[in-house]
Number of protein chains: 2
Amino acid sequence: MVVSTISGSSPLSYSNGTTIPLSTFSSNSFVNVEKGDPVAFRSYWEKMREECTIEIKGDEWMSYFGDTNNLCWYMVPQMRDAILRLHDMVGNAVTKDKFLVLGTGSSQLYQALLYALSSLEPSDRPINVVAAAPYYSEYKDATDILQSRLFQWTGDAALYDKCEPYMEVVTSPNNPDGTLRVPVVNSGAKGKVIYDLAYYWPQYTPIIYEADHDVMLFTFSKCTGHAGSRIGWAFVTDIEVAKKMIRFVHLNSIGVSKESQIRAAKIIGVICDGYQNLKFIESDRLFFYYSKRLMKERWEKFKGAVEQSKVFTLTKYPTSYCHFNKDLSEQYPAFAWLKCVEGIEDGESYLEKLKIRTRGGKRFGVDTKYVRISMIGTDDEFIKLCTRLSNAKRE
Amino acid sequence: MVVSTISGSSPLSYSNGTTIPLSTFSSNSFVNVEKGDPVAFRSYWEKMREECTIEIKGDEWMSYFGDTNNLCWYMVPQMRDAILRLHDMVGNAVTKDKFLVLGTGSSQLYQALLYALSSLEPSDRPINVVAAAPYYSEYKDATDILQSRLFQWTGDAALYDKCEPYMEVVTSPNNPDGTLRVPVVNSGAKGKVIYDLAYYWPQYTPIIYEADHDVMLFTFSKCTGHAGSRIGWAFVTDIEVAKKMIRFVHLNSIGVSKESQIRAAKIIGVICDGYQNLKFIESDRLFFYYSKRLMKERWEKFKGAVEQSKVFTLTKYPTSYCHFNKDLSEQYPAFAWLKCVEGIEDGESYLEKLKIRTRGGKRFGVDTKYVRISMIGTDDEFIKLCTRLSNAKRE
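Criteria and cut-off values
Residues numbered from 1 in each chain as written. Chains lettered and ligands numbered in written order. Predicted model: local features only at pLDDT ≥ 70, side-chain atom pairs only at ≥ 80, totals over all residues. Heavy atoms only, no water. Pairing = 2+ DSSP bridges. Helix = DSSP H or I, 4+ residues; strand = E, 2+ residues; numbered from the N terminus. Axes fitted to C-alpha atoms, helices over the stretch in contact; angles between N-to-C directions. Least-squares fit on C-alpha atoms with pLDDT ≥ 70 in both. Contact = heavy atoms within 4.5 Å. Buried < 20%, exposed > 50% of the residue type's maximum accessible area, 1.4 Å probe, protein only. Left-handed = near helix turned anticlockwise from the far one by under 90°. Nonpolar A, V, L, I, M, F, W, Y, C, P; charged D, E, K, R; others polar. Buried area = accessible area lost by both parts, 1.4 Å probe. Salt bridge = Lys/Arg side-chain N within 4 Å of Asp/Glu carboxyl O. Polar contact = N/O pair within 3.5 Å; in protein donor to acceptor, adjacent residues only side chain to side chain. Parallel < 35°, antiparallel > 145°, perpendicular 65-115°, else oblique. Expected span 1.5 Å × (residues − 1). Patch = residues over 30% accessible without salt bridge, like charges linked within 9 Å, V, L, I, M, F, W, Y side chains within 5 Å. Areas by Shrake-Rupley, 256 points an atom, 1.4 Å probe, with all protein chains shown as cover. Lys, Arg positive; Asp, Glu negative; His and termini not counted.

## So, the sheet that holds strand β11 (residues 231-236) of chain B
All names here are of chain B.
Next up, step 1: Strand order in this open sheet of seven strands is β5-β11-β10-β9-β8-β6-β7, and the pairing throughout is mixed. Looking at which strands have only one partner, the edges of the open sheet turn out to be β5 (99-104) and β7 (151-156). Averaged over all pairs of adjacent strands, the angle between their axes in this sheet comes to 25°, without regard to strand direction.
Next up, step 2: In the sheet, strand β6 (residues 127-131) pairs with strand β8 (residues 166-171) via three bridges, with the strands oriented parallel.

## Observations concerning the relation of the copies chain B and chain A
Next up, step 1: Under the fitted operation, chain B is carried onto chain A by 0.0 Å of movement along the axis and a turn of 180°, and the coordinates agree to an RMSD of 0.0 Å. Taken together, these values place the two copies in the relation of a two-fold axis.
Next up, step 2: Most of the interface of chain B is mirrored in chain A, where 100% of its interface residues are also at the interface.

## Re the environment of Ser43 of chain A
Residues and elements named next belong to chain A.
Next up, step 1: Counting through the fold element by element, Ser43 comes out in helix α1 (residues 42-47).
Next up, step 2: Of the residues examined, Ser43 reaches a relative accessible area of 24% and is grouped as partly exposed.
Next up, step 3: In the structure, Ser43 is positioned 251 residues away from Leu294 in sequence and 10.0 Å away in space, judged by C-alpha atoms.
Next up, step 4: Once you skip the residues sitting within four places of it in the chain, Ser43 turns out to touch Tyr290 and Leu294.

## Considerations on the packing of helix α2 (residues 77-90) of chain A against helix α7 (residues 258-276) of chain A
Residues and elements named next belong to chain A.
Next up, step 1: Two elements in contact, α2 and α7, have axes whose closest approach is 9 Å; the angle formed by their N-to-C orientations is 35°. Relative to α7, α2 is oriented so that their crossing is left-handed. Residue-level contacts link Gln78, Met79, Ala82, Arg85, Leu86 and Met89 of α2 to Gln261, Ile262, Ala264, Ala265, Ile268, Gly269, Ile271, Cys272, Asp273, Tyr275 and Gln276 of α7.
Next up, step 2: Looking at the contact of α2 with α7 residue by residue, the class counts come to 11 nonpolar, four polar and two charged.

## Regarding the interface of chain B and chain A
It is common to report an interface's size as the accessible area lost on association of the parts.
Next up, step 1: Counting from both sides, the interface comprises 90 residues of chain B and, opposite them, 90 residues of chain A.
Next up, step 2: Overall, the association of chain B and chain A removes approximately 8,500 Å² of surface from exposure, summing both partners, and the carbon and sulfur fraction of that is 56%.
Next up, step 3: For the pair chain B and chain A, the interface holds eight salt bridges.
Next up, step 4: Here Glu259 of chain A ties to Arg263 of chain B by a salt bridge, and the two come within 2.8 Å at their closest N and O atoms.
Next up, step 5: Our count for the chain B to chain A interface comes out at 60 residue pairs in polar contact (both at pLDDT 80 or more).
Next up, step 6: Judged from the three bridges that link them, strand β4 (residues 54-56) of chain A and strand β4 (residues 54-56) of chain B form a sheet pairing that is antiparallel. Paired with Glu55 of chain A across the two strands is Glu55 of chain B, which belongs to β4 of chain B.

## Quick look at the packing of helix α3 (residues 105-119) of chain A against helix α4 (residues 137-144) of chain A
All names here are of chain A.
Next up, step 1: The N-to-C vectors of α3 and α4 enclose an angle of 55°; their axes lie 10 Å apart at closest approach. Of the possible angle classes, the one that applies to α3 and α4 is oblique. The handedness of the crossing between α3 and α4 is right-handed. Residues Tyr110, Gln111 and Leu114 of α3 form the contact with α4, whose participating residues are Tyr139, Ala142 and Thr143.
Next up, step 2: Tallied by class, the residues present in the contact of α3 with α4 amount to four nonpolar, two polar and no charged.

## Comments concerning the environment of Glu297 of chain A
Residue and element names in this part refer to chain A.
Next up, step 1: Summarising the element assignment, Glu297 is placed in helix α8 (residues 287-309).
Next up, step 2: Residue classification places Glu297 among the partly exposed residues on the basis of a relative accessible area of 46%.
Next up, step 3: Sequence separation between Glu297 and Tyr332 is 35 residues, and the spatial gap between their C-alpha atoms is 9.3 Å.

## Comments concerning the pairing of strand β18 (residues 370-374) of chain B
Residues and elements named next belong to chain B.
Next up, step 1: The buried count for β18 comes to four of five residues, which makes it a mostly enclosed element.
Next up, step 2: In terms of strand pairing, strand β15 (residues 335-340) meets β18 through five bridges, oriented antiparallel. The residue of β18 that forms the bridge with Lys339 is Tyr370.
Next up, step 3: For strand β17 (residues 359-360) and β18, the ladder comprises two bridges, and the chain directions are antiparallel. Bridge assignment links Arg359 to a residue of β18, and that residue is Arg372.

## Quick look at helix α3 (residues 105-119) of chain B
Structurally, the α-helix is built with 3.6 residues per turn, so residues lying three or four positions apart point the same way.
Next up, step 1: Its 15 residues give α3 of chain B an end-to-end C-alpha distance of 22 Å, which sits within 8% of 21 Å, the value for a rise of 1.5 Å per residue.
Next up, step 2: Buried residues dominate α3 of chain B, accounting for 15 of its 15 residues.

## Quick notes on a nonpolar patch on the surface
Next up, step 1: A cluster of nonpolar side chains, namely Leu180, Ile208 and Tyr209 of chain A, defines an oily patch on the protein surface of about 230 Å² accessible area.
Next up, step 2: Structurally, Leu180 of chain A can be placed in the loop between β8 (166-171) and β9 (191-196).

## Things to note about the side chain of Arg372 of chain B
Residue and element names in this part refer to chain B.
Next up, step 1: Within the fold, Arg372 resides in strand β18.
Next up, step 2: Lacking a salt bridge, the buried Arg372 has Glu34 as its closest oppositely charged neighbour, with an N-O distance of 5.6 Å.
Next up, step 3: A polar contact is formed between the side chain of Arg372 and the backbone oxygen of Glu34, at a distance of 2.9 Å.
Next up, step 4: Looking at Arg372, its side chain comes within polar contact range of the side chain of Asn175, at 2.9 Å.

So this is what it looks like as structure tokens:
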């Protein structure tokens, strides 16, 4: 059946230049560390595969509704309870006196927030949306795709000097560079802040405080690695913002997959059980212990490869006290952010020649000397990445 | 925990006036036939619950990607195969030489299409989006929610007389009135047609021809009743349209829940197995036989109640030959469309007094004499609806 498939073996090209190679793994092909598919933690879930198994029968979860007593009517109680339990255990966010809004990944909630925050303060001009560079490359595209009259992408928050209302997206730890962030706009104008805390989990960064902001976004994908489930959530303090977001999700997709909710609830439950019921004596059976160790090992290996290459420098991260792990720790971000040494102008092209596919600085609002590299791909990809990187030579 | 729940027992109110009563089922409360939650077929799935059970282990379906060889990279092969098999069996759509695009329900794909079709023909004015009244009430809201510069809701297609490009949504069978539809715009302007075939399944209408249009939308919710899964799909002939739609789904939600895809594939597989492998001798075990009989029984009971009421008249439907069932049959739409008799001006208010909550004509672009009533709610709701309706008396 030829329907719906593309013949041939060339990469699929998208309008923004993103490509998906059809064979990432053959030895002569590219190692693709351009995307952020978080499959690194699969080895953990393989060990836990039976404990985490869900079963859904033919007649279950058929309705659009998950809980008609909840403002977020499409969210099932199990999902809500699991999310609250997880934050309570990790201590990375204050959930009390906040509204929990579920989304089809945090991407959908980002757009729900743009809608909610802009439509609650009607203006005759679109509200400016900014983020400090380097910023997550998809924010711009997701903001501008429908050319809304409510909001528009305006670029680097550090350069924002208009006296017009704005929304600032603060991603902390930041994608692409892993740094911990605070708002930077200083124009005196009225602004709202969206905290994207996708990477504020113990495997990536010490949990240094319990985040307590008016608008916070989280995603299941980067927490546990289950990106295929498309589960994200937001905590918001203002009920009007929550209602508008839910209205957006209603019109956009009439809620969020019940199957994904049931599975995410189960998986989060298994993580929390591990810690709270002391089921596992080996600490390797504890998710954040395992995943942090994996990130640490990868980062150590990666730093070695980068040093050997003598072509790139790496962002430096501070050591902080982690309230969850009760120890001093470095950060191990989901992405590495490399800067070329003097004399190399285009990191992405340079690495293309080494058959390493990365995402260049331009996509993140900075110059081509920078590249972003995923640290959360498969073991295979990661090993190849380090080998090729350590063999890099100055041209 | 007070987080995220609303205390009290008042209905949840939305900005568009939609309400969700917290207790639909107590005897003095409203019977809510305002929404289209398709739970009527649950009795079938209860019988099939074991055959349809899916099991997903902890390490499965973790990636964003479903099939990197497919243009629609987030769709798993099982999902694609099931959709093609179903249409092949039912004969309600030509799938050959078309691109299959998966969405988080057809709502998401509706928006993906507005984006795709409008952005492929850049214009300095928003493209007008029209549908013949009475039209599905959510089209307007979904079109205008972000105040896009690419497209705008323009209302009744029958009144469209501008010489500007347009998109016409043809819902057939139509929501709310169940009629079979063709495009109606006759302005001479250049237009694209979106066929929403959500209800073009044998339980609702005879399958009179194999639909073969450039843009066709389908949804799992109304086909099998599994609305909680949020699975919809589109067939499009133009690869550029398909690419743009996939780009939209990418930015909107980075694909579609893998758990939902696995479950939908399983359920569709069980339906097709029933017919194709002749596993079941009792025809009541065949989904479309069962669901059509259920719809027919409900419609007969409902028509009796409406006649007794002497307050409303019903849309009349033709009898046609169904190529799937190989018989002559009436239509049994998912919604009933009632018109008040002379002297009653507001059907929704009238029925509110009878404690029947419906959606009035105004929401569908026509006058208040009309109301839409869901025929696919629970048995309880349906029985109460008929009882209250047959007791209706002229004021």
